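So the chains spell out like this:
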Amino acid sequence: MSFYPKNQITLIITLVFVLISSDLLWAQKEFILWEGAVLNQAKKKSGTSMAMPEMRKLENEAEMALKSGPFSVVHKKQLPPSGDIHDYTSMGPYWWPDPEKEDGLPYIRRDGEINPEFYDYKDHDEFGALMKSLNTLSKAYYFLENEQYAQYAIRLIKTWFLDSETRMNPNLNYAQRIPGRTEGRGIGIIDTRRMAVLPDVLKMLSASEHWEVSMEKGMKDWLAAYVSWLVNSKHGKDEAVHGNNHTTWYFAQIIPLTIYLDQSDRADSLAKAGLPLILEMIEKDGSQPAELARTISWNYSSMNLLAIMYFAQACEKVGINLWDAVNEKGGSIAKGMDFLFQYTKTKNDWPFKQIKPLNPVLIKDQLNIAAYKYGNKKYKKVADQMISESTEFSYWDLVNFKQISK
């Protein structure tokens, strides 16, 4: 005989079901670039306690994100050549008017120096701000268990990708135009490199009570069209074989998207196509010659190494282990990390061209990932020393080496 009234029993069963369902939802998430085991350890350590400085940092970032946007390609003032405001448009950042030409055309390249005209094209900055906000809000929803963050993130996604009046068309035909030269380039695909983590953002938000099945279908339809454009367009084909960080970010972006879309055969073929192109970028000493040739060589070397690591993480999902791979020159991801790691010590000056101040924090994420993949305590120690210098929340900062070791 029950000691509780019938309505109380129903309430208890409902609450238990909700709690179990919530736990199961998180347990069933298989992230692509975010390390699920590390996220789990970080969540266990932090709970939702605001006593931890990392949690306060996350909450502050999330509250700022709630005040951002919504972002949209329709906010720009200039129409793309297609005449469709929904087409993403940007300008090559390092291209300037030719001072020897009255009209400045065609523009000439000054590597590493951003032409202020670049900022007149709002789509680039709006997309970057969108992805930063989504990254923050989805993690704040996970760690702080606040539905308000998920609700607003979902609104941002709908505005940029789905709503008919504000959505972006799934192509980059007019990305990184150069006045007097071209209205769009394959190189422009690097503008959306942050889309590499979008599948994980969507997976995180899908546990929210504000998530809709119709929204998931809409996003998969949009991403399927975008992936088709990446694979079949001239711009996409050019970028896939460009040969430096552009190629790396092409594959680091497209493979997580195909995995999210359950296009396993395509993900596998893309991983195998990118493998020889990307691994060959690293020399026996761990340097990346194509990135060292740039005027901000530290920035490009660190950025490309992160893309290589993203590529390797995505490859794991199709059964390819790139972490232990060594190319014919003797280069590997581990050597690429060691090459940059040696310059995190102040006594070692970066001997390559760097027209901007060198910022060691640019390799913090890479150090954390490498510490996890290779079980290297030195990497994690240096990454943790950079926490105070880092301006953004990272779930890696919540765990120590023993907790993240496999």
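A quick note: this is a predicted structure, and the numbers were derived from the prediction, not measured.

Calculation rules
- Residues numbered from 1 in each chain as written.
- Predicted model: local features only at pLDDT ≥ 70, side-chain atom pairs only at ≥ 80, totals over all residues.
- Heavy atoms only, no water.
- Helix = DSSP H or I, 4+ residues; strand = E, 2+ residues; numbered from the N terminus.
- Rg over C-alpha atoms; globule rule 2.2 N^0.38 Å.
- Buried < 20%, exposed > 50% of the residue type's maximum accessible area, 1.4 Å probe, protein only.
- Contact = heavy atoms within 4.5 Å.
- Areas by Shrake-Rupley, 256 points an atom, 1.4 Å probe, with all protein chains shown as cover.
- Lys, Arg positive; Asp, Glu negative; His and termini not counted.
- Charge placed at Lys NZ, Arg CZ, Asp CG, Glu CD.
- Polar contact = N/O pair within 3.5 Å; in protein donor to acceptor, adjacent residues only side chain to side chain.
- Axes fitted to C-alpha atoms, helices over the stretch in contact; angles between N-to-C directions.
- Parallel < 35°, antiparallel > 145°, perpendicular 65-115°, else oblique.
- Left-handed = near helix turned anticlockwise from the far one by under 90°.
- Nonpolar A, V, L, I, M, F, W, Y, C, P; charged D, E, K, R; others polar.
- Phe/Tyr/Trp six-rings, centres within 6.5 Å; stacked < 30°, edge-to-face > 60°.
- Core = buried A, V, L, I, M, F, W, Y, C linked by side-chain atoms within 4.5 Å.
- Arc of directions from axis to C-beta.
- Salt bridge = Lys/Arg side-chain N within 4 Å of Asp/Glu carboxyl O.

Trainee: What's the story with the overall build of the chain in this structure? I'm lost.
Mentor: Looking only at helices and strands, one finds 16 helices and four strands in the chain. Taking 2.2 N^0.38 as the reference for a compact globule, 406 residues should give roughly 22 Å; the C-alpha atoms of the chain span a radius of gyration of 22 Å, in line with that estimate. Viewed in the frame of its principal axes, the chain has a C-alpha envelope of about 95 × 50 × 40 Å. For the chain, buried positions account for 54% of its 406 residues. Once local pairs closer than 6 in sequence are excluded, the contacts in the chain between residues at least 24 apart make up 74%. Of the accessible surface of the chain, which amounts to about 18,700 Å², a share of 53% is contributed by carbon and sulfur atoms. Positive and negative side-chain charges of the chain, numbering 48 and 50 respectively, have mean locations separated by a distance of 5 Å.

Trainee: It is not clear to me how the side chain of Ser297 should be interpreted in this structure. Could you clarify?
Mentor: Structurally, Ser297 is set in helix H12 (residues 297-316). Among the residues examined, Ser297 registers a relative accessible area of 0% and is labelled buried. In terms of polar contacts, Ser297 uses its side chain to reach the side chain of Trp350, at 2.8 Å. From its side chain, Ser297 meets the backbone oxygen of Lys353 in a polar contact 2.6 Å long. Sequence-distant contacts of Ser297, that is, excluding residues within four places in its chain, are made with Glu291, Leu292, Trp350, Phe352, Lys353 and Gln354.

Trainee: Help me out: how do you make sense of the packing of helix H13 (residues 333-341) against helix H15 (residues 377-385) in this one?
Mentor: When two helices pack together, you describe them by how their axes are tilted relative to each other and by the distance separating the axes. Running from amino to carboxyl end, H13 crosses H15 at an angle of 45 degrees, the nearest separation of the two axes being 12 Å. With respect to H15, the element H13 is oriented oblique. Crossing geometry of H13 relative to H15 is assigned as left-handed. In this structure, H13 uses Ala334, Met337, Asp338 and Phe341 to contact H15, whose residues at the interface are Lys378, Tyr379 and Val382. Taken together, the residues of the contact of H13 with H15 break down into five nonpolar, no polar and two charged.

Trainee: What exactly am I supposed to notice about the packing of aromatic side chains here?
Mentor: Under the counting rule described, the total for this entry stands at 21 aromatic pairs. Taking the centre distance of 4.8 Å and the plane angle of 80 degrees together, the rings of Phe161 and Trp222 count as edge-to-face. Here Phe161 is found in helix H5 (residues 147-162), whereas its partner Trp222 is found in helix H7 (residues 213-232), with 61 residues between them in sequence. Comparing Phe161 with Trp222 shows no difference in burial state: the two are buried. Each ring, one from Phe339 and one from Trp350, has its centre 6.2 Å from the other, and the planes form 75 degrees; the classification is edge-to-face. Here Trp350 lies in the loop between H13 and helix H14 (364-374) and Phe339 lies in helix H13, a separation of eleven residues in the sequence.

Trainee: Just to check I follow, could you spell out the nonpolar core for this structure?
Mentor: Here is a general trend for soluble globular proteins: nonpolar side chains tend to be buried in one another's company. Of all hydrophobic cores here, the largest spans 118 residues; its most connected members are Phe143, Leu198 and Leu223. Element by element, the count of residues in this core is highest for H12, at 13 residues. In this structure, Met91, Tyr107, Tyr121 and Ile178 belong to the second largest nonpolar core, which totals five residues.

Trainee: How do you make sense of helix H2 (residues 36-46) when you look at a structure like this?
Mentor: Residues lying three or four places apart along an α-helix face the same way, a consequence of the helix completing one turn every 3.6 residues. By the burial criterion, the buried members of H2 are Val38, Leu39, Ala42, Lys43 and Ser46. Buried residues in H2, looked at end-on, bunch into an arc of 135 degrees, giving them a common side. Where H2 is buried, its residues touch helix H3 (53-66), helix H4 (122-144), helix H6 (198-205), H14 and helix H16 (401-404). Gly47 sits one or two positions beyond H2 and adopts a positive phi of about 60 degrees.

Trainee: Can you walk me through the side chain of Glu126 in this structure?
Mentor: Its location among the elements puts Glu126 in helix H4. The buried charged residue Glu126 lacks any salt bridge, with Lys122 as its nearest oppositely charged partner at 7.5 Å.

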